[in-house]
Structures are given as structure tokens and as C-alpha cells.
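Chain residues, written in single-letter form:
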Amino acid sequence: MTRVYCQECGYQNPEEGKYCSKCGALLPEEDTGSETTIRYLPEREEKEAETIAIAEPAEGVSLVVRSGGGMAGESFRPAGEKTTIGRHPASDIFLDDITVSRNHALLIQQDDGCYIQDQGSLNGTYVNHVRVETQKLADGDQLQIGKYKLTFIER
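Basis of the calculations
Residues numbered from 1 in each chain as written. Predicted model: local features only at pLDDT ≥ 70, side-chain atom pairs only at ≥ 80, totals over all residues. Heavy atoms only, no water. Helix = DSSP H or I, 4+ residues; strand = E, 2+ residues; numbered from the N terminus. Buried < 20%, exposed > 50% of the residue type's maximum accessible area, 1.4 Å probe, protein only. Polar contact = N/O pair within 3.5 Å; in protein donor to acceptor, adjacent residues only side chain to side chain. Contact = heavy atoms within 4.5 Å. Salt bridge = Lys/Arg side-chain N within 4 Å of Asp/Glu carboxyl O. Pairing = 2+ DSSP bridges.

**Topic: the side chain of Thr151**
Thinking step 1. Looking at the secondary structure, you find Thr151 in strand β13 (residues 148-154).
Thinking step 2. Judged by relative accessible area, which is 13%, Thr151 ranks as buried.
Thinking step 3. Separated by 3.1 Å, the side chains of Thr151 and Gln142 make a polar contact.
Thinking step 4. Ignoring sequence-local partners within four residues, the contact set of Thr151 consists of Ser62, Leu63, Val64, Arg66, Gly140, Asp141 and Gln142.

Structure follows, in C-alpha cells:
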């Protein structure tokens with residue numbers, strides 16, 4: 001049986017439904033054949049995350065995945081002045097989950113620090129549980145992109 005994802009809440013509905021069984025939103029009438037981003041609302045309460053053994057990052061800036069997509073513990077270094085983050089396979093930081101937009105965010109290095117900039121994503125980019133458009137990052141900031149939770153580290 002084919003399922004249709006609600007674009008408002010992400011609930012999986014039977015194909016024949018016209019309205020979401022969970023939130024009542026109008027469902028898409030036809031499948032365009034392309035996978036779209038589903039809506040994901042980040043949890044307001046932080047659940048106790050399992051302890052992850054992470055090697056001490058090298059000098060500079062890195063993003064370390066705390067949870068999401070089986071990538072916990074992976075570390076990413078910026079790919080230059082602008083680092084693309086998203087579900088598109090050509091992204092510098094590829095986060096393969098339907099809650100991440102294809103071109104979700106940019107990590108921008110400037111003279112006065114590192115910034116995260118949302119690229120009009122459906123689910124937004126969060127820094128320390130606050131949705132942001134552009135935000136200067138500080139060591140230890142917690143980012144959330146879709147279901148992925150990352151920590152910004154600057155040494």
C-alpha cells in the first residue's frame with residue numbers, strides 16, 4: 001500500500017485519503033515522483049543523549065554529529081569560505097534524511113567568526129533550540145538541521 005506524507009505534520013496517510021488523519025491538513029492530490037522534504041518539529045525537551053566517544057577535534061572549526069541518521073560521532077570541517085549543508089548529494093555536508101531540505105543551510109566563515117545561514121528550508125535551522133535565519137556561532141553551540149543534532153566546535 002502506498003503512503004502519502006502530510007506536508008504539515010509528516011504523518012503517513014493511506015494514498016486514498018484527501019486529508020491528514022492526524023492534523024486534518026489537505027494532502028497532495030498526486031505524487032510528482034520526486035521526494036520532497038517532510039515537516040519535522042524539533043523536540044522542545046532535550047532527551048538524554050547517549051555519550052559518544054569523539055576524538056579531540058583538530059585546530060579550527062568543525063561540526064560534530066551528536067545524533068541522527070546513524071552518523072553520531074562523525075565530524076565535518078568547513079569546505080572553504082562557504083560550506084553547503086543539505087540532502088542534495090553534492091552538498092559539502094550531506095545529511096541523508098527526508099527532514100533535511102536539499103539545500104538546507106550554509107556554514108559561512110568570515111573574518112569575525114563562523115555563521116550558519118538557513119537557505120529557506122521547510123523545517124528551519126535551529127541554534128540552541130531557537131529557529132534562526134542567520135546566526136553567528138560560538139564554541140559549543142547546538143545546531144539542529146532536520147532530525148540531525150550537531151555541535152559546533154571552535155578550537
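**Brief notes about the pattern of salt bridges**
Thinking step 1. Enumeration according to the criterion identifies 1 salt bridge in this entry.
Thinking step 2. In this structure, Arg155 engages Asp139 in a salt bridge whose closest nitrogen and oxygen atoms are separated by 3.5 Å. In this pair, Arg155 is assigned in the segment after β13 and Asp139 in the loop between β11 (134-136) and β12 (142-145), connecting sequence segments 16 residues apart.
Thinking step 3. Accessibility expressed as a relative area gives 43% for Asp139, which makes it partly exposed.

**Comments concerning the sheet that holds strand β9 (residues 125-127)**
Thinking step 1. Ordered in space as β4-β3-β13-β12-β9-β10, the 6 strands form an open sheet in which the pairing is antiparallel. Every other strand in the sheet has two partners, leaving β4 (75-76) and β10 (130-132) as the edge strands with one partner each.
Thinking step 2. Direction of pairing for strand β3 (residues 61-67) relative to β13: antiparallel, over a ladder of 6 bridges. Bridging across to β13, Val64 finds its partner in Thr151.

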